[in-house]
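# Reading the structure
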Amino acid sequence: MTKYLHAIFYIFCNSVKFTSLKLLHINSFKFHYLNFISPLTNIQLSKESKLTFGENLKIRSGVKIHLRKAAKITIGDNTFINYNSMIVSHEQIIIGRNVQIGPNVMIFDHDHDFRSENGVSDMKYKTDPIQIGDNVWIGANSVILRGTKIGENTVVGAGAIIKGEYEKNAIILNKSEITVLTQ
Ligand SMILES: CC(=O)SCCNC(=O)CCNC(=O)[C@H](O)C(C)(C)COP(=O)(O)OP(=O)(O)OC[C@H]1O[C@@H](n2cnc3c(N)ncnc32)[C@H](O)[C@@H]1OP(=O)(O)O
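Residues numbered from 1 in each chain as written. Predicted model: local features only at pLDDT ≥ 70, side-chain atom pairs only at ≥ 80, totals over all residues. Heavy atoms only, no water.

### As for the pattern of salt bridges
Two side chains of opposite charge can pair, provided their charged atoms sit close to one another. Counted under the stated rule, the structure contains 2 salt bridges. Here aspartate 134 and arginine 97 are joined by a salt bridge, their closest N and O atoms 3.6 Å apart. With aspartate 134 in the loop between strand S15 (130–132) and strand S16 (137–138) and arginine 97 in the loop between strand S10 (92–95) and strand S11 (100–101), this pair connects stretches of sequence that are 37 residues apart. Between arginine 146 and aspartate 111 there is a salt bridge, with the nearest N and O atoms lying 2.6 Å from each other. One end of the pair, arginine 146, is in the loop between strand S17 (143–144) and strand S18 (149–150); the other, aspartate 111, is in strand S13 (residues 110–112), and 35 residues separate them in sequence. You can call arginine 146 buried: its relative accessible area is 17%. (Salt bridge = Lys/Arg side-chain N within 4 Å of Asp/Glu carboxyl O. Helix = DSSP H or I, 4+ residues; strand = E, 2+ residues; numbered from the N terminus. Buried < 20%, exposed > 50% of the residue type's maximum accessible area, 1.4 Å probe, protein only.)

Now the structure itself:
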């Protein structure tokens, strides 16, 4: 019973929230009313940006999805994004279908252009699109950096910080040595 009340509450809040977002950004935002998205998500769009949600998405509280300038983010059907993950785009981020994103995952398709003069203070950026294939599972606390492409069915182990192109059906781990000393 609580589950159903929860679902009705989410759908009601989303209808209000997303209808107002849609009215403010008529051509920028595509969504479905039956997505299960926590009202405690934060979505920021700009005039020229484009956010497309597939069907049957589940997005938990604390998730932030921010699109700057003419950025595009697409999230495919049946994808799940767990608590406090953050997806920020200055160019393009494509997330496939049936993707599982663990809690506290950070996805950024840009870096501050710290090598150019006043690059950081003048908010200059280097951007490179990110693509995450269908059925990918990204473990908790991972960071996906600009230009990363992950093939379908791949697993990104918890805590991995990755940048580059990764093939399908892979398991990507950031192995670091832990030393345990006796007291
Ligand atoms: C939507 C949601 O996802 S919510 C739930 C969020 N859950 C998570 O974030 C959990 C993510 N899970 C992991 O990271 C897991 O450890 C997996 C999936 C990578 C484990 O894969 P498995 O193939 O079962 O790995 P297994 O446990 O057998 O370990 C294999 C080796 O990888 C290492 N390893 C496993 N996970 C990690 C990791 N995240 N980072 C670094 N090394 C790792 C193990 O220590 C082991 O090393 P060894 O061969 O030197 O002993």
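### Quick look at the pairing of strand S7 (residues 72–75)
Taking every second residue as pointing to the same face, the buried face of S7 carries Ile73 and Ile75, while none of Lys72 and Thr74 on the other face is buried. Both strand S4 (residues 50–53) and S7 contribute to a ladder of 4 bridges, which runs parallel. Looking across to S7, one finds that threonine 52 is bridged to threonine 74. Here S7 pairs with S10 via 4 bridges, running parallel. Within the sheet, the bridge partner assigned to isoleucine 75 lies in S10 and is isoleucine 95. (Pairing = 2+ DSSP bridges.)

### Focus on the sheet that holds strand S1 (residues 29–30)
Pairing within the open sheet is parallel, and its 7 strands lie in the order S1-S4-S7-S10-S15-S18-S21. Each edge of the open sheet is held by one strand with a lone partner, namely S1 and strand S21 (165–166). Of the strand pairs in this sheet, S1 and S4 are connected by 2 bridges, and their pairing is parallel. Residue pairing in the sheet places phenylalanine 29 in a bridge with leucine 51 of S4.

### Re the packing of aromatic side chains
A complete count under the given rule lists 3 aromatic pairs for this structure. With 5.1 Å between their ring centres and 15 degrees between their planes, phenylalanine 29 and phenylalanine 31 make a pair best called stacked. The same class applies to phenylalanine 29 and to phenylalanine 31, which are both buried. Among the residues examined, phenylalanine 29 registers a relative accessible area of 1% and is labelled buried. Through a chain of ring-to-ring contacts, three or more aromatic side chains come together here, namely Phe29, Phe31, Tyr33 and Phe53. (Phe/Tyr/Trp six-rings, centres within 6.5 Å; stacked < 30°, edge-to-face > 60°.)

### As for the site of the ligand
Around the ligand there are 14 residues in total, and Asn82, Trp137, Ala140, Ala158 and Lys175 lie nearest to it. At 2.8 Å from an oxygen atom of the ligand is found a main-chain nitrogen or oxygen belonging to alanine 158. Here the ligand has 960 Å² of accessible area as a free molecule, and 47% of this is covered by the chains. When the residues that make up the shell around the ligand are grouped by side-chain class, the tally is 7 nonpolar, 6 polar and 1 charged. (Near = heavy atom within 4 Å. Polar contact = N/O pair within 3.5 Å; in protein donor to acceptor, adjacent residues only side chain to side chain. Areas by Shrake-Rupley, 256 points an atom, 1.4 Å probe, with all protein chains shown as cover. Nonpolar A, V, L, I, M, F, W, Y, C, P; charged D, E, K, R; others polar.)

### Notes on the sheet that holds strand S9 (residues 86–89)
Spatially, the 6 strands line up as an open sheet ordered S3-S6-S9-S12-S17-S20, and their pairing is parallel. Only two strands of the sheet have a single neighbouring strand rather than two, namely strand S3 (42–44) and strand S20 (161–162). In terms of strand pairing, S3 meets strand S6 (residues 64–67) through 3 bridges, oriented parallel. Bridging from a neighbouring strand, glutamine 44 pairs with histidine 66 of S6.

### Observations concerning the pairing of S6
The pairing of S6 with S9 spans 4 bridges and is parallel. Residue pairing across strands places leucine 67 opposite serine 89, the latter belonging to S9.

### Quick notes on the environment of glutamate 55
Inspection of the secondary structure puts glutamate 55 in the loop between S4 and strand S5 (58–59). Residues glutamate 55 and leucine 5, 50 residues apart in the sequence, show an inter-C-alpha distance of 21 Å. Not counting chain neighbours up to four residues away, the residues in contact with glutamate 55 comprise His32, Asn35, Asp77 and Asn78. (Contact = heavy atoms within 4.5 Å.)

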